[in-house]
Number of protein chains: 2
Amino acid sequence: MTGTDGRPTTTQDARRNDTVAAVVRQWQTVHPDLDTGPMEIIGRVNRCAALLQQAEDAPLRRAGLSRPEFDLLGALRRTGHELTPGELARETFSSGAAVTKRLKALTERGLVERRGDARDRRVAHVRLTDTGRDLVDGILPEQLAYETSVLSGIDPTQRDELASLLAGLLGRLEGLAGVLRP
Amino acid sequence: MTGTDGRPTTTQDARRNDTVAAVVRQWQTVHPDLDTGPMEIIGRVNRCAALLQQAEDAPLRRAGLSRPEFDLLGALRRTGHELTPGELARETFSSGAAVTKRLKALTERGLVERRGDARDRRVAHVRLTDTGRDLVDGILPEQLAYETSVLSGIDPTQRDELASLLAGLLGRLEGLAGVLRP
DNA sequence: AGCATGTGTTTTACTTGTAAACATTTTTGT
DNA sequence: ACAAAAATGTTTACAAGTAAAACACATGCT
């Protein structure tokens with residue numbers, strides 16, 4: 001089945017039925033001369049991210065963790081070794097000050113430990129405690145299961161296509177960020 | 001040109017070269033049994049949104065506006081009529097309390113005005129001042145021009161495909177939100 | 001009319017992030 | 001070797017969001 005413009009309508013005209021489409025139509029009537037094309041992508045990326053964060057935090061809340069905290073623990077878990085606060089900040093894309101605060105809270109809860117560096121006494125090395133590791137390993141499958149259920153409405157071919165296109169966009173954005181921040 | 005698995009490589013194997021791909025690979029080596037497929041989409045959506053917010057706010061900062069403030073003004077501009085605080089909250093996907101604070105700041109800056117309702121004296125009606133309208137109309141083209149330049153690296157066919165796939169995902173997320181919030 | 005209940009908005013207390021300043025230590029240049 | 005510069009991490013002051021309660025008014029029931 002195809003629409004009058006020949007574009008396939010396998011997603012039941014999703015492009016005409018979400019909130020972003022409505023917003024774009026409003027702008028079009030007020031500023032018919034403006035090219036609103038970028039909104040169709042960027043508006044949707046932003047809105048998807050907002051909704052995902054709302055819903056996705058459910059398994060984390062149960063464990064009493066915020067997502068930024070989980071990201072920090074996850075960085076330690078997936079790299080498999082100790083990281084310094086600075087490395088954690090880069091790895092989780094957050095500021096050093098924010099990492100300092102999170103580390104304080106997570107240390108008090110016994111999820112991470114710190115150790116000074118012998119050579120360079122400015123730096124600390126942070127590692128997961130056993131409790132912290134078990135917590136991450138317990139939450140991650142739930143998180144992925146939830147994410148899988150969210151994506152289950154999209155057929156595998158389209159999922160793959162979407163992942164590739166997003167990778168292209170992300171690569172471009174990260175390239176830009178690298179260029180724009182010398 | 002196609003990769004060894006037959007998938008086209010028009011985006012120069014973007015899927016293997018962004019930060020999310022590296023994270024997924026790390027998880028795979030630590031938990032080889034886990035299905036990390038969802039991360040390829042959801043991780044990228046989140047990361048794209050984060051980068052877009054950092055970079056995209058440039059034209060807004062120049063005008064001394066935060067993005068949530070611009071969203072509020074934009075909602076008034078694109079609907080073309082007055083909105084109540086509650087409607088603004090729904091329209092901009094934020095809490096009523098946040099809207100109250102933003103309205104206070106924007107009113108003090110002379111960008112919006114309030115007017116009481118004659119029938120129902122609980123509600124207020126908010127409208128853009130001429131200054132506010134001019135500000136939105138001045139910023140929007142800059143914003144769209146920047147967004148266009150970000151997306152210019154992706155060819156039009158892929159842009160269209162990406163917009164459609166995101167619309168499908170967003171529709172599903174918004175449907176879920178509706179169902180999960182009775 | 002009088003009171004319970006619902007709705008729209010604001011206020012309050014609190015959480016969390018950021019930017020800028022700071023302290024400490026290392027590196028660099030001469 | 002030593003002063004200046006850079007790097008690392010923390011502290012401080014502040015901005016902005018949220019949840020829950022408070023507030024103000026409207027509506028419906030008896």
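This report concerns the structure included in the present document. (Residues numbered from 1 in each chain as written. Chains lettered and ligands numbered in written order. Predicted model: local features only at pLDDT ≥ 70, side-chain atom pairs only at ≥ 80, totals over all residues. Heavy atoms only, no water.)

## Digging into the overall build of chain A
The following threshold applies: Only DSSP runs of H or I reaching four residues or more are called helices, and only runs of E reaching two or more are called strands; each is numbered from the N terminus. Working definition: with a 1.4 Å probe on protein chains only, accessible area under 20% of the residue-type maximum means buried, over 50% means exposed, and in between means partly exposed. Every residue pair with non-hydrogen atoms within 4.5 Å of one another is taken to be in contact. Surface accessibility in these figures is a Shrake-Rupley result with a 1.4 Å probe; residues are shielded only by whichever protein chains are displayed.
Of the regular secondary structure elements, chain A holds nine helices and two strands. When each of the 182 residues of chain A is scored for burial, the buried share is 44%. The contacts in chain A between residues at least 6 apart in sequence include a share of 46% that link residues at least 24 apart. Accessible surface, chain A as shown: approximately 9,500 Å² in total, 52% of it carbon and sulfur.

## Side note on the interface of chain A and chain B
Test applied: Take the accessible area each of two parts loses on contact, using a 1.4 Å probe, and add the two losses: that sum is the buried area. Salt bridges are counted wherever a side-chain nitrogen of Lys or Arg sits within 4 Å of a carboxyl oxygen of Asp or Glu. Here a polar contact is taken to be a pair of N or O atoms separated by no more than 3.5 Å, where protein atoms must pair a possible hydrogen donor with a possible acceptor and residues adjacent in sequence count only if both atoms sit in side chains. Residues were grouped as follows: Ala, Val, Leu, Ile, Met, Phe, Trp, Tyr, Cys and Pro as nonpolar; Asp, Glu, Lys and Arg as charged; and all remaining residues, including Gly, as polar.
With 68 residues of chain A at the interface, the matching set in chain B holds 69 residues. For the chain A and chain B pair, buried surface summed over both sides reaches about 6,800 Å², with 74% attributable to carbon and sulfur atoms. Counting every contact that joins chain A to chain B gives two salt bridges. Where Glu174(A) meets Arg47(B), a salt bridge forms, and the shortest distance between an N and an O atom there is 3.5 Å. Seen at the junction of chain A and chain B, the total is 13 residue pairs in polar contact (both at pLDDT 80 or more). The biggest single contributor to the side of chain A that touches chain B is helix α9 (residues 156-180) of chain A, with 19 residues. Per-class residue counts for the side of chain A that touches chain B are 32 nonpolar, 16 polar and 20 charged.

## Quick word on the protein's contact with DNA strand D
So the rule is basically this: Note on definitions. A residue lies near a molecule or strand when any single heavy atom of the residue is within 4 Å of it.
If you check the shell around DNA strand D, you find 21 residues, and the closest are Gly86(A), Thr100(A), Arg114(A), Arg122(A) and Ser95(B). If you look at DNA strand D and keep only atoms within 4 Å of the protein, 64% of those are sugar or phosphate atoms. Within the side chain of Arg114(A), one N or O atom sits 2.6 Å away from a phosphate oxygen of DNA strand D. Between a phosphate oxygen of DNA strand D and a main-chain N or O atom of Arg119(B), the distance comes to 3.2 Å. At the level of elements, α6 (85-92) and α7 (96-108) of chain A together with α6 (96-108) of chain B are the ones that each hand at least two residues to the surface near DNA strand D. Grouping the amino acids of the surface near DNA strand D by side-chain chemistry returns seven nonpolar, five polar and nine charged.

## Quick notes on the relation of the copies chain A and chain B
This is how it is decided: Least-squares superposition of the copies uses the C-alpha atoms of those residues scoring a pLDDT of at least 70 in each of them.
You can overlay chain A on chain B at an RMSD of 0.1 Å; the transform is a turn of 180° with a shift of 0.0 Å along its axis. Within this description, the copies of the chain are treated as partners about a two-fold rotation axis. The share of interface residues of chain A whose copies in chain B are also at the interface is 100%, consistent with both copies meeting through the same surface.

## Comments concerning the protein's contact with DNA strand C
Taken together, 20 residues form the shell around DNA strand C, and within it Ser95(A), Arg119(A), Gly86(B), Arg114(B) and Arg122(B) come nearest. The sugar-phosphate portion of DNA strand C accounts for 62% of its atoms within 4 Å of the protein, the bases making up the rest. One of the side-chain N or O atoms of Arg122(B) is found 2.4 Å from a base oxygen in DNA strand C. If you list the elements that add at least two residues to the surface near DNA strand C, you get α7 of chain A together with α5 (85-92) and α6 of chain B. In terms of residue count, the dominant contributor to the surface near DNA strand C is α7(A) (four residues). Residues belonging to the surface near DNA strand C are distributed by class as follows: seven nonpolar, five polar and eight charged.

## As for helix α5 (residues 67-79) of chain A
Residues and elements named next belong to chain A. Spelled out, the test is: Any helix carries an expected span of 1.5 Å times its number of residues minus one.
Compared with the 18 Å implied by 1.5 Å per residue over 13 residues, the 18 Å span of α5 between its first and last C-alpha is a close match. Summarising burial for α5: 11 of the 13 residues are buried, a large majority. All buried positions along α5 are accounted for by Arg67, Glu69, Phe70, Leu72, Leu73, Gly74, Ala75, Leu76, Arg77, Arg78 and Thr79. Taken from the residues just after α5, Gly80 is the one with a positive phi, measuring 80°.

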